[in-house]
Amino acid sequence: MKFILLASNAGIMALARQPIGTLRDDPDLRPIFLAAYQETIDVGRARGVRLPADARERIVEITGHFPPGMKASMALDLDRGNRLEVPWLSGKVAELGRQFSIPTPTHNMMYAMLKPYVMGAAGQGRV
(Lines give C-alpha, C1' and ligand atoms only; values in the text may rest on other atoms or scores of the structure.)
Protein backbone atom coordinates (compact mmCIF):
# COMPACT_ATOMS: atom_id res chain seq x y z
CA MET A 1 0.00 0.00 0.00
CA LYS A 2 2.84 2.35 0.85
CA PHE A 3 4.49 1.74 -2.52
CA ILE A 4 1.24 2.55 -4.37
CA LEU A 5 1.09 5.86 -2.55
CA LEU A 6 4.76 6.71 -2.84
CA ALA A 7 5.34 5.75 -6.47
CA SER A 8 2.29 7.67 -7.66
CA ASN A 9 2.28 10.77 -5.47
CA ALA A 10 6.05 11.32 -5.74
CA GLY A 11 5.94 11.36 -9.53
CA ILE A 12 2.92 13.63 -9.76
CA MET A 13 4.23 16.12 -7.19
CA ALA A 14 7.67 16.17 -8.79
CA LEU A 15 6.28 16.82 -12.26
CA ALA A 16 3.84 19.48 -11.08
CA ARG A 17 6.38 20.97 -8.64
CA GLN A 18 3.52 21.64 -6.27
CA PRO A 19 2.50 20.37 -2.82
CA ILE A 20 -0.27 17.82 -2.42
CA GLY A 21 -2.88 20.40 -1.38
CA THR A 22 -2.63 22.17 -4.72
CA LEU A 23 -2.96 18.91 -6.64
CA ARG A 24 -5.22 16.36 -4.94
CA ASP A 25 -8.53 18.17 -5.37
CA ASP A 26 -7.90 19.57 -8.84
CA PRO A 27 -10.51 17.99 -11.14
CA ASP A 28 -8.01 17.88 -14.01
CA LEU A 29 -5.42 16.04 -11.89
CA ARG A 30 -7.72 13.63 -10.06
CA PRO A 31 -7.87 11.19 -13.02
CA ILE A 32 -4.07 11.18 -13.15
CA PHE A 33 -3.82 10.26 -9.47
CA LEU A 34 -6.45 7.54 -9.90
CA ALA A 35 -4.76 6.11 -12.99
CA ALA A 36 -1.34 6.06 -11.31
CA TYR A 37 -2.76 4.32 -8.24
CA GLN A 38 -4.61 1.76 -10.36
CA GLU A 39 -1.58 0.97 -12.53
CA THR A 40 0.48 0.30 -9.41
CA ILE A 41 -2.26 -1.86 -7.92
CA ASP A 42 -2.57 -3.83 -11.16
CA VAL A 43 1.15 -4.62 -11.44
CA GLY A 44 1.31 -5.43 -7.73
CA ARG A 45 -1.50 -7.93 -8.04
CA ALA A 46 0.06 -9.42 -11.17
CA ARG A 47 3.25 -9.93 -9.17
CA GLY A 48 1.30 -11.73 -6.47
CA VAL A 49 1.00 -8.99 -3.87
CA ARG A 50 -2.19 -9.36 -1.85
CA LEU A 51 -3.98 -6.05 -1.77
CA PRO A 52 -7.39 -5.20 -0.38
CA ALA A 53 -10.23 -5.01 -2.88
CA ASP A 54 -10.64 -1.33 -2.01
CA ALA A 55 -6.91 -0.49 -2.18
CA ARG A 56 -7.38 2.50 -4.46
CA GLU A 57 -10.13 3.99 -2.31
CA ARG A 58 -7.95 3.57 0.79
CA ILE A 59 -5.05 5.34 -0.91
CA VAL A 60 -7.32 8.22 -1.97
CA GLU A 61 -8.57 8.47 1.61
CA ILE A 62 -5.02 8.55 3.01
CA THR A 63 -3.93 11.18 0.50
CA GLY A 64 -6.91 13.31 1.48
CA HIS A 65 -5.54 13.61 5.01
CA PHE A 66 -2.05 14.79 4.08
CA PRO A 67 -1.22 18.35 5.13
CA PRO A 68 -1.80 20.69 2.15
CA GLY A 69 1.81 21.91 2.12
CA MET A 70 3.32 18.42 2.04
CA LYS A 71 5.66 17.56 -0.81
CA ALA A 72 7.03 14.12 -1.57
CA SER A 73 10.75 13.76 -0.94
CA MET A 74 11.35 13.16 -4.65
CA ALA A 75 9.69 16.49 -5.46
CA LEU A 76 11.94 18.18 -2.90
CA ASP A 77 14.97 16.41 -4.39
CA LEU A 78 14.04 17.71 -7.84
CA ASP A 79 13.67 21.25 -6.46
CA ARG A 80 17.10 20.96 -4.83
CA GLY A 81 18.85 19.42 -7.83
CA ASN A 82 19.49 16.14 -6.01
CA ARG A 83 19.37 12.65 -7.46
CA LEU A 84 15.91 11.17 -7.95
CA GLU A 85 14.57 7.78 -6.93
CA VAL A 86 12.23 7.62 -9.94
CA PRO A 87 13.82 4.44 -11.39
CA TRP A 88 12.65 2.57 -8.28
CA LEU A 89 9.22 4.20 -8.22
CA SER A 90 7.47 4.99 -11.54
CA GLY A 91 10.32 3.28 -13.38
CA LYS A 92 9.66 0.06 -11.46
CA VAL A 93 5.91 0.26 -12.10
CA ALA A 94 6.60 0.71 -15.83
CA GLU A 95 9.08 -2.19 -15.82
CA LEU A 96 6.61 -4.51 -14.08
CA GLY A 97 3.89 -3.40 -16.48
CA ARG A 98 6.06 -4.51 -19.40
CA GLN A 99 6.93 -7.76 -17.62
CA PHE A 100 3.27 -8.64 -17.01
CA SER A 101 1.81 -7.02 -20.16
CA ILE A 102 -0.14 -4.49 -18.12
CA PRO A 103 -0.47 -0.98 -19.56
CA THR A 104 1.11 1.67 -17.33
CA PRO A 105 0.90 4.85 -19.43
CA THR A 106 0.83 7.23 -16.45
CA HIS A 107 3.94 5.77 -14.83
CA ASN A 108 5.66 5.42 -18.22
CA MET A 109 5.15 9.15 -18.77
CA MET A 110 6.26 10.14 -15.27
CA TYR A 111 9.40 8.02 -15.55
CA ALA A 112 10.27 9.30 -19.02
CA MET A 113 9.77 12.94 -18.04
CA LEU A 114 11.75 12.70 -14.80
CA LYS A 115 14.51 10.46 -16.17
CA PRO A 116 16.72 13.36 -17.31
CA TYR A 117 16.98 14.44 -13.65
CA VAL A 118 17.84 11.04 -12.15
CA MET A 119 21.43 12.03 -11.46
CA GLY A 120 20.48 15.48 -10.15
CA ALA A 121 21.30 18.87 -11.59
CA ALA A 122 24.97 18.02 -12.14
CA GLY A 123 24.13 14.86 -14.04
CA GLN A 124 21.20 15.99 -16.16
CA GLY A 125 20.89 13.93 -19.28
CA ARG A 126 22.65 10.87 -17.83
CA VAL A 127 20.80 7.80 -16.62
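Below or above, wherever it landed, is the structure these notes cover. (Residues numbered from 1 in each chain as written. Predicted model: local features only at pLDDT ≥ 70, side-chain atom pairs only at ≥ 80, totals over all residues. Heavy atoms only, no water.)

### Focus on the overall build of the protein chain
To be explicit about the condition: Working definition: helices are DSSP H or I runs of at least four residues, strands are E runs of at least two. Numbering for both runs from the N terminus. C-alpha atoms define the radius of gyration in this analysis, and the globule rule sets the expected value at 2.2 Å times the number of residues to the power 0.38. Only protein chains enter the accessibility calculation, which uses a 1.4 Å probe; a residue is then buried when its area is under 20% of its type maximum, exposed when over 50%, and partly exposed in between. Contact between two residues is taken to exist if any of their heavy atoms lie within 4.5 Å; hydrogens are not considered.
Within the protein chain, the regular secondary structure consists of seven helices and zero strands. A compact globule built from 127 residues should have a C-alpha radius of gyration of about 14 Å, and the protein chain, at 14 Å, falls within 12% of that. A principal-axis box enclosing the C-alpha atoms of the protein chain has dimensions of 45 × 35 × 20 Å. Put simply, the protein chain has 127 residues, and 41% of those count as buried. Long-range contacts, defined as pairs at least 24 residues apart, comprise 71% of the intrachain contacts of the protein chain with a sequence gap of at least 6.

### Side note on the pattern of salt bridges
In plain terms, the rule: We count a salt bridge whenever a side-chain nitrogen from Lys or Arg sits within 4 Å of a carboxyl oxygen from Asp or Glu.
All chains considered together, the criterion is met by three salt bridges. A salt bridge links Arg-58 to Asp-54; the nearest nitrogen and oxygen atoms lie 2.9 Å apart.

### Examining the packing of helix H1 (residues 2–16) against helix H4 (residues 55–64)
Note the cut-off: Axis geometry follows a simple rule: fit a line to the C-alpha atoms, using only the stretch in contact for helices, then measure angles between N-to-C directions, giving values from 0 to 180 degrees. Angle categories are assigned with fixed cut-offs, so that under 35 degrees is roughly parallel, over 145 is roughly antiparallel, 65 to 115 is roughly perpendicular, and the rest are oblique. Crossing handedness: left-handed means the near helix sits turned counterclockwise from the far one by under a right angle, and right-handed means the same turn made clockwise. Residues are sorted three ways: Asp, Glu, Lys and Arg are charged, Ala, Val, Leu, Ile, Met, Phe, Trp, Tyr, Cys and Pro are nonpolar, and all the rest, Gly among them, are polar.
Direction vectors running N to C along H1 and H4 enclose 60 degrees, while the axes themselves pass 10 Å from each other. Compared by their axis directions, H1 and H4 come out oblique. Viewed along their axes, H1 and H4 form a crossing whose handedness is right-handed. On H4, the residues that touch Ile-4, Leu-5 and Asn-9 of H1 are Ile-59, Ile-62 and Thr-63. Looking at the contact of H1 with H4 residue by residue, the classes come out as four nonpolar, two polar and no charged.

### Observations concerning the packing of helix H6 (residues 90–100) against helix H7 (residues 105–114)
Contact geometry of H6 with H7 gives a least axis separation of 8 Å together with a crossing angle of 135 degrees. With respect to H7, the axis of H6 lies oblique. Crossing hand, H6 versus H7: left-handed. Facing H6, whose interface residues are Ser-90, Gly-91, Val-93 and Ala-94, H7 presents His-107, Asn-108, Met-110 and Tyr-111. Partitioning the contact of H6 with H7 into residue classes produces four nonpolar, four polar and no charged.

### Describing the packing of aromatic side chains
Rules: Only the six-membered ring of Trp is used, alongside the rings of Phe and Tyr, when aromatic pairs are assigned; centres must lie within 6.5 Å, and planes under 30 degrees apart are stacked while those over 60 apart are edge-to-face, with the rest tilted.
Under the counting rule described, the total for this entry stands at one aromatic pair. Ring geometry for Phe-33 versus Tyr-37: centroids 6.1 Å apart, planes at 50 degrees, classification tilted. Taken together, the residues span about one helical turn, with Phe-33 and Tyr-37 both in helix H3 (residues 30–46) at a distance of four residues. Just as Phe-33 is buried, Tyr-37 falls in that class too.

### Topic: the side chain of Asp-77
In plain terms, the rule: Counted charges follow a simple rule, with Lys and Arg positive, Asp and Glu negative, and His plus the chain ends left uncounted.
By the element assignment, Asp-77 lies in helix H5 (residues 73–80). Buried and unpaired, Asp-77 has Arg-80 as its nearest opposite-charge partner, separated by 4.7 Å. Setting aside residues up to four positions removed in sequence, Asp-77 forms contacts with Asn-82, Arg-83 and Leu-84.

### Describing H4
Quick reminder of the rule: Here the arc refers to the directions that run from the helix axis out to each C-beta atom.
Considered for burial, the residues of H4 that qualify are Ala-55, Ile-59 and Thr-63. Angularly, the buried residues of H4 cover 70 degrees about the axis, an arc narrow enough to put them on a single face. Its buried side turned inward, H4 meets H1, helix H2 (20–23) and H3.

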